[in-house]
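# Commentary on secondary and tertiary structure
Below, each chain spelled out in residue letters.
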Amino acid sequence: MSNSAINNKIQKLREILEEYNHQYYVLDDPSVPDIEYDRVLKDLIALENQYPEFRSSDSPSQKVGGKALSKFEQINHEVPMLSLDNGFSEADLQAFEKRVNERLNTSIHIEFACEPKLDGLAASILYENGLLVQAATRGDGQVGENITENVKTIANVPLKLRGENLPQRLEVRGEVFMPKQGFDKLNQQQKEIGAKVFANPRNAAAGSLRQLDSKITAARPLRFFAYSVGVLEGGNISQKASHSQRLASLGELGLPLCKENQVVTGFDECLSYFEKIGRMRDDLSYDIDGVVFKVNDLQLQQRLGFVSKAPRWAMAQKFPAQEEMTVLNDVEFQV
Ligand code: NAD
């Protein structure tokens, strides 16, 4: 292929992904199944790796999420909210451990915090001296939407933290999602009143959270699980040396955590955890689309650092696509 043909192909893939991103992140109305999105993104990344002269910081391969909607007040994230690198095979997971070990210059198996990859949308919730003062969507990672009033309506999000020696400022990050049962009930109700039926729980959670009228959000069965910390000033939690200890502290402060989280050592145990969660998937009360592996030691995380879009110390291992028909926007896609 000539240089200009390659450039044209790369531009075309970027345009397609930008359109998919707009539908998914901004309009909460995906036009294709995730597997199709992931396939196009993989093709783009492969071309950008093969022809680095066409790389660009504007490429969807380098960007997080979508733009914050202007109908919401905008909030600047003090600590950027990034995405995660994805893996799709056992070899990808093994390569992740190898990269981590090489960067850390070690051959010992290190600890990983393993967490189901919850299929909802990321939210940041800020507590000042124990009180919930602000909540935001991830947006493009730098600027999110102010959804404070909506988040306050989520049943398991505490408005006030429990315990002694509370941090002066604590930004809790986690996933807002809609449990499967609540999703089925909501769609049933939507059908009955002739309103729009949501394509999947993720889509329903996003549409329910990004409402200007928090009464609508309050009527939707949303839940939240905390999975990390952004801004942190003071309190016992600042003393913790590992990600899993920090999460345990969030639990003590009254924040909801996913019960399936587990700490393991090395690739073999990561793989066993992935397989175990895969077997449990259908029986969980919420949708997941994979497992997130995070280097557990916070000092090691710091040494590993970040690339433009994601931390080097974490990876999301996706489940293989399910053979099923997904109905989106009245169009059927074979996935
Ligand atoms: P991602 O879904 O690959 O991973 C990052 C997100 O994972 C975080 O922002 C967080 O919300 C979530 N997450 C869930 N559990 C977590 C945990 N325990 N710890 C940390 N994070 C956790 O990245 P993304 O940028 O949100 O979305 C990319 C994916 O979204 C694509 O791979 C694709 O499947 C889908 N997508 C689909 C379309 C479409 O048109 N169908 C468009 C855009 C994106």
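If you're wondering where the values come from, they're calculated on a predicted model, not measured in any experiment.

Of all residues adjacent to the ligand, which total 25 residues, the nearest are Tyr24, Asp34, Ser83, Glu115 and Ala122. Every element with two or more residues in the shell around the ligand is listed here: helix H1 (3–26), helix H2 (34–50), strand S3 (111–118) and strand S4 (121–128). Top contributing element to the shell around the ligand by residue count: H1, with four residues. Across the shell around the ligand, the residue classes break down as 14 nonpolar, five polar and six charged.

Moving on, we get to the nonpolar core. Judged by nonpolar contacts, the single largest core of 41 residues is most densely connected at Ala123, Val172, Val176 and Ala205. In this structure, Cys114, Cys270, Phe293 and Met315 belong to the second largest nonpolar core, which totals 15 residues.

What follows deals with the UniProt feature "active site" (unreviewed entry) in the chain. Under the UniProt annotation, "active site" (unreviewed entry) lies at Lys117. Mapped onto the elements of the fold, Lys117 is located in strand S3. Of the residues examined, Lys117 has 20 C-beta atoms within 10 Å and is grouped as buried. Beyond its immediate stretch of four places on either side in the chain, Lys117 contacts Ile288, Asp289, Gly290, Val291, Val292 and Ala316.

The next point concerns the domain arrangement of the chain. Looking at the chain, the domain boundaries give domain 1 (3–63) and domain 2 (74–327). Summarising the inter-unit geometry, the C-alpha centres of domain 1 and domain 2 are found 24 Å apart. Listed as interface residues are six residues of domain 1 and, on the opposing side, ten residues of domain 2. When grouped by side-chain class, the residues that make up the side of domain 1 that touches domain 2 number three nonpolar, one polar and two charged.

The strand order across the open sheet formed by five strands is S2-S11-S10-S3-S9, and the pairing between neighbours is mixed. Edge positions in the open sheet fall to strand S2 (86–87) and strand S9 (262–265), since each of these has one partner strand only. As paired strands, strand S10 (residues 288–295) and strand S11 (residues 314–318) are joined by five bridges and run antiparallel to one another. By the bridge assignment for S11, Val292 is matched with Ala316.

Here the focus is the sheet that holds strand S5 (residues 131–137). Reading across from one edge, S5-S4-S7-S8 is the order of the four strands in this open sheet, with antiparallel pairing throughout. Every other strand in the sheet has two partners, leaving S5 and strand S8 (223–233) as the edge strands with one partner each. Between one strand axis and the next, the sheet turns by 25° as a mean value, whatever way the strands run. Along the sheet face, helix H6 (residues 201–209) touches S4 and strand S7 (169–177) and points at about 130° away from the line of S7.

A separate point is the confidence of the model for the chain. On average, residues of the chain carry a pLDDT of 93, and 96% of them reach 70 or more. Considering only residues more than four positions removed or in separate chains, one finds that residues 323–335, a stretch of pLDDT under 50, has 21 contacts. Overall fold confidence (pTM) sits at 0.94, and the ipTM for the predicted complex is 0.96.

For an α-helix the count is 3.6 residues per turn, leaving residues at separations of three or four pointing the same way. Along its 24 residues, H1 runs 33 Å from first to last C-alpha, staying within 8% of the 34 Å computed at 1.5 Å per residue. The inward-facing, buried residues of H1 abut H2. Positive phi appears at Asp28, one or two residues downstream of H1, with a value of about 50°.

A few words now on the environment of Phe319. Its location among the elements puts Phe319 in the loop between S11 and strand S12 (325–328). Sequence-wise, Phe319 and Tyr25 are 294 residues apart; in three dimensions their C-alpha atoms are separated by 21 Å. Residue contacts for Phe319: discarding those within four places in its chain leaves Gly278, Arg281, Asp289 and Gly290.

What follows covers the environment of Phe96. Residue position: Phe96 is located in helix H3 (residues 90–104). For Phe96, a count of 22 C-beta atoms within 10 Å corresponds to the buried category. Among all residues touching Phe96, those that are not within four sequence positions of it are Gly87, Phe293 and Met315.

Here the focus is the packing of H1 against H2. Where H1 contacts H2, the axes come no closer than 10 Å and their chain directions differ by 145°. Along this stretch, H1 crosses H2, giving a crossing that reads as left-handed. The residues of H2 that touch H1, namely those facing Ile6, Lys9, Ile10, Leu13, Arg14, Ile16, Leu17 and Tyr20, are Tyr37, Val40, Leu41, Asp43, Leu44, Leu47 and Glu48. Considering only residue class, the contact of H1 with H2 consists of eleven nonpolar, no polar and four charged.

Here S4 runs beside S5; their pairing, made up of six bridges, is antiparallel. Each residue of the ladder has a partner; that of Ser124, found in S5, is Ala136. Here S4 folds back onto S5, and the loop between the two strands holds two residues, one of which, Asn129, carries a positive phi near 45°.

Turning next to helix H5 (residues 180–192). Compared with an ideal rise of 1.5 Å per residue, which puts 13 residues at 18 Å, H5 spans 19 Å between its outermost C-alpha atoms and is within 8% of the ideal. Every buried residue of H5 is accounted for by Gly182, Phe183 and Leu186. All buried residues of H5 lie within an arc of 100° about the axis, which places them on one face of the element. Seen from the open side of H5, the exposed residues pointing more than 90 degrees away from its buried face are Gln181, Gln188, Lys191 and Glu192. Buried residues belonging to H5 abut H6. Count one or two residues on from H5 and you reach Gly194, which has phi positive near 70°.

The rules behind each value
Residues numbered from 1 in each chain as written. Predicted model: local features only at pLDDT ≥ 70, side-chain atom pairs only at ≥ 80, totals over all residues. Near = placed C-beta within 6 Å. Helix = DSSP H or I, 4+ residues; strand = E, 2+ residues; numbered from the N terminus. Nonpolar A, V, L, I, M, F, W, Y, C, P; charged D, E, K, R; others polar. Core = buried A, V, L, I, M, F, W, Y, C linked by C-beta atoms within 7 Å. Buried ≥ 20, exposed ≤ 12 C-beta atoms within 10 Å, placed from the backbone. UniProt positions renumbered as here; feature names shortened; annotations may be inferred. Contact = placed C-beta atoms within 7 Å. Domains from an automatic or database assignment. Pairing = 2+ DSSP bridges. Axes fitted to C-alpha atoms, helices over the stretch in contact; angles between N-to-C directions. pLDDT = per-residue confidence, 0-100. Expected span 1.5 Å × (residues − 1). Left-handed = near helix turned anticlockwise from the far one by under 90°. Arc of directions from axis to C-beta.

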